[in-house]
Every structure is written in C-alpha cells, then in structure tokens.
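The chain contents come next:
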Amino acid sequence: MKYGSEIKRISISIILLILLSSCATNRGVLEILAEAPENPSMGDAIKFVRVSDLRQFQIDPPSPEIPSLMNDEIDDSSITSRAIARKRNTYGAALGDILLPEGQTVMKLVEKSLAKGLRENGYRVFTERDSEYQDAAPIEVGIEKFWGWFEPGFWSAKLHFQTLIRLNGPVGPFRDGEEFDSHVVKSIQFASDDSWRATIKESLLQLNKDITEGITAYRVGGRKAQIDQQKNTDANPQNLDSVDAKKLEDSGESSDVETIDPHKKHLYFNRPGAAMGY
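In this report, we go over the structure that sits alongside the text. What you are looking at is a predicted structure, and each value in this text was computed from that prediction instead of being measured.

Cut-off values and rules
- Residues numbered from 1 in each chain as written.
- Predicted model: local features only at pLDDT ≥ 70, side-chain atom pairs only at ≥ 80, totals over all residues.
- Heavy atoms only, no water.
- Salt bridge = Lys/Arg side-chain N within 4 Å of Asp/Glu carboxyl O.
- Helix = DSSP H or I, 4+ residues; strand = E, 2+ residues; numbered from the N terminus.
- Buried < 20%, exposed > 50% of the residue type's maximum accessible area, 1.4 Å probe, protein only.
- Pairing = 2+ DSSP bridges.
- Core = buried A, V, L, I, M, F, W, Y, C linked by side-chain atoms within 4.5 Å.
- Contact = heavy atoms within 4.5 Å.
- Lys, Arg positive; Asp, Glu negative; His and termini not counted.
- Polar contact = N/O pair within 3.5 Å; in protein donor to acceptor, adjacent residues only side chain to side chain.
- Phe/Tyr/Trp six-rings, centres within 6.5 Å; stacked < 30°, edge-to-face > 60°.
- Lys NZ or Arg CZ within 6 Å of the ring centre and 35° of its normal.

## Side note on the pattern of salt bridges
Within this structure, the stated rule accounts for eight salt bridges. Ionic pairing is found between Arg 166 and Glu 179, a salt bridge with its closest N-O pair at 2.2 Å. Here Arg 166, found in strand β7 (residues 157-168), pairs with Glu 179, found in strand β8 (residues 178-188); they are 13 residues apart in sequence, far enough to count as distant. Overall, Glu 179 belongs to the partly exposed group, its relative accessible area being 39%. Within the structure, one salt-bridge network assembled from shared partners comprises Arg 27, Glu 73 and Asp 97.

Structure follows, in structure tokens:
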C-alpha cells in the first residue's frame with residue numbers, strides 16, 4: 001500500500017508539472033483587485049491629473065526584470081498597458097506573459113494603490129466624480145517600474161515583483177518629485193496564478209509601506225525645522241527687531257520699531273503663514 005501511494009503522488013506531481021509547463025508557454029490573464037479606503041475627514045486635497053506608464057519594453061531583453069512580451073507586441077499599447085509579468089522555464093528562457101484582464105490597466109491599478117496609501121496617510125484623494133476635484137492640488141504620476149518575473153532554482157524557484165512610482169505636485173513631499181518603490185521575492189514550488197497574485201499583492205503592500213515611510217520622514221523633517229527655527233528665535237529674541245530696523249533705516253523711514261514681547265514671538269512664528277506645511 002505504501003508503495004502504491006508513493007507511485008500515486010509521483011504520478012500526480014508529473015501531471016501537475018506537465019499542466020504547469022503547458023500554461024507557462026501561453027499568455028495568462030490575472031486579475032488583481034485593489035480597493036482604496038474612504039477619504040479622511042481632514043487633510044490636503046489632491047487629485048491625479050496624469051498617470052503615465054513609462055516602462056520600456058524590449059524584445060529579448062538581456063535581463064528578466066526588463067519588460068518583454070511573448071509575441072513581441074512591445075509597440076501595442078493595448079497590450080503593454082495590461083502586461084505585468086513574464087513566465088520562464090527552469091532554464092530561465094522566456095515563455096508566456098501575464099496580462100491584466102481587458103478593461104484593467106497598470107495605470108488604473110497603480111492609481112488605486114496610490115490612493116489607498118495616500119488616504120491612509122492623511123491625504124484626501126479626489127476623482128473627477130467628486131465636487132472637490134476642481135480645487136484639489138494636481139499630482140502627476142510616472143510608473144517607472146511595475147513588473148514581475150520568474151527566477152528558476154534547483155530546489156525551489158522564486159517570483160519577483162518590482163515597482164518604482166514617481167509623484168510630482170505642489171503638495172508636501174511631492175514638490176520636488178518623490179519616488180516610492182518595492183521589490184518582493186517569494187520562494188515557490190510552482191508558479192501558479194495564486195503564487196503570482198500573492199507576490200504582486202505583497203509588492204503593492206510594500207509600496208504603500210514605502211509611501212508611509214516617505215511621508216512620515218518628510219513630516220518629521222518639517223517639524224524638526226520648525227522646532228530649530230523656534231529655538232533660534234528664543235536664543236536670539238532681538239534678531240527680528242534688528243532686521244526690521246535695518247530695513248527701515250535703509251529705506252529712510254523712521255527706525256522706531258515696536259518691541260515684540262519674547263512670549264508674543266511664539267505667536268508670531270506659530271501663525272498659519274509661518275508654519276511649514278506638509
């Protein structure tokens with residue numbers, strides 16, 4: 001009986017390998033669901049005005065992390081906009097590719113994922129359906145990387161998924177352009193749809209974690225600068241008066257300057273216009 005059970009397990013494994021090998025040579029379609037939470041009640045209002053897929057596809061690229069397609073359709077945006085990964089055999093040779101379903105694109109998926117990460121960090125993200133959309137600050141999104149690939153191995157293989165997203169806009173850390181990224185590697189026995197889906201979802205979670213870390217670092221840095229400015233004012237309470245007096249002297253006007261009480265200086269530097277926004 002034990003011998004028969006072992007033969008049965010081996011037979012099932014061989015059948016699975018054959019089926020998976022057959023699937024690996026074909027184009028796969030994988031749905032990735034992404035839901036964003038509701039907007040917070042307060043926070044900077046933003047909107048995505050342009051989401052651009054900047055990935056560069058190549059035919060027979062030298063490295064698996066460079067996007068490619070099984071039928072070399074790299075100039076067909078209806079295909080590249082949905083492409084998210086490339087399958088490979090145990091020797092690393094490129095086989096079939098993986099696309100999102102029709103009607104879903106990488107740009108839409110990234111937009112939903114970003115909305116989730118930003119809302120969870122206090123930003124209100126509005127769409128064209130919202131009445132607040134018109135007055136919200138415009139954010140441009142550039143998708144530099146959003147790609148998965150298969151890495152063969154002797155005992156186990158690995159699935160990779162990598163993202164690199166750039167945000168630019170007149171709000172907080174996005175003023176000078178801010179990059180957020182992720183790179184998840186999962187060890188697997190078989191590259192099934194569930195394995196791919198789990199790897200991609202984990203990469204999106206890591207992307208949102210990087211968003212949280214970036215925004216937190218910006219806010220901490222802004223508060224630190226505010227505290228340093230206040231400490232400098234407390235240590236040199238005459239500085240503000242001296243500067244104003246010098247300006248009046250240079251202009252030829254009266255140099256009588258109203259003395260600001262040191263305690264009132266706290267109010268001066270804490271007024272809304274003096275605070276550093278984030």
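## Concerning the pairing of strand β4 (residues 94-99)
Looking at chain direction, strand β1 (residues 28-29) and β4 are connected through two bridges and run parallel. Residue pairing in the sheet places Gly 28 in a bridge with Ile 98 of β4. In the sheet, strand β3 (residues 83-88) pairs with β4 via four bridges, with the strands oriented antiparallel. When the sheet's bridge partners are listed, Arg 88 is paired in β4 with Ala 94. What sits between β3 and β4 in their antiparallel hairpin is a turn of five residues, with Gly 92 showing a positive phi close to 90 degrees.

## Some words on the nonpolar core
Counting 39 residues, the largest nonpolar core has Phe 48, Ile 84, Leu 118, Val 141, Phe 146 and Leu 167 as its most contacted members. Mapped by element, the contributors of at least two residues to this core are β2 (45-53), β3, α3 (106-119), β6 (137-151), β7, β8 and α4 (193-235). Discounting residues that sit within four places of it in the chain, Leu 167 has contacts with Leu 114, Leu 118, Ile 139, Glu 140, Val 141, Phe 174, Gly 177, Glu 178 and Phe 180.

## Comments concerning the environment of Ser 63
Within the fold, Ser 63 resides in the loop between β2 and α2 (77-80). Residues Ser 63 and Trp 149, spaced 86 residues apart in sequence, show a C-alpha to C-alpha distance of 9.9 Å.

## Remarks on the side chain of Arg 219
Structurally, Arg 219 can be placed in helix α4. One buried charged residue, Arg 219, forms no salt bridge at all, with the nearest opposite charge on Asp 44 at 6.0 Å. Within the structure, the side chain of Arg 219 is placed 2.8 Å from the backbone oxygen of Asn 121, a separation counted as a polar contact.

## Considering the packing of aromatic side chains
Tallying each qualifying case throughout the model produces four aromatic pairs. Plain terms: the ring middles of Phe 57 and Trp 147 are 5.7 Å apart, the flat faces sit at 85 degrees to each other, and that makes the pair edge-to-face. Of this pair, Phe 57 sits in the loop between β2 and α2 while Trp 147 sits in strand β6; the two residues are 90 residues apart in sequence, bridging distant segments of the chain. Trp 147 shares its class with Phe 57; the two are buried. Geometrically, the ring pair formed by Tyr 123 and Phe 174 is tilted, given 5.7 Å between the ring centres and 50 degrees between the ring planes. Taken together, the residues span a long stretch of sequence, with Tyr 123 in the loop between α3 and β5 (124-126) and Phe 174 in the loop between β7 and β8 at a distance of 51 residues. No difference in accessibility class separates Tyr 123 from Phe 174, as the two residues are buried. Connected via pairs of aromatic rings, a cluster forms that spans Tyr 123, Phe 174 and Phe 180. Lying over the aromatic face of Tyr 133, Lys 47 brings its terminal NZ or CZ to 4.6 Å of the ring centre.

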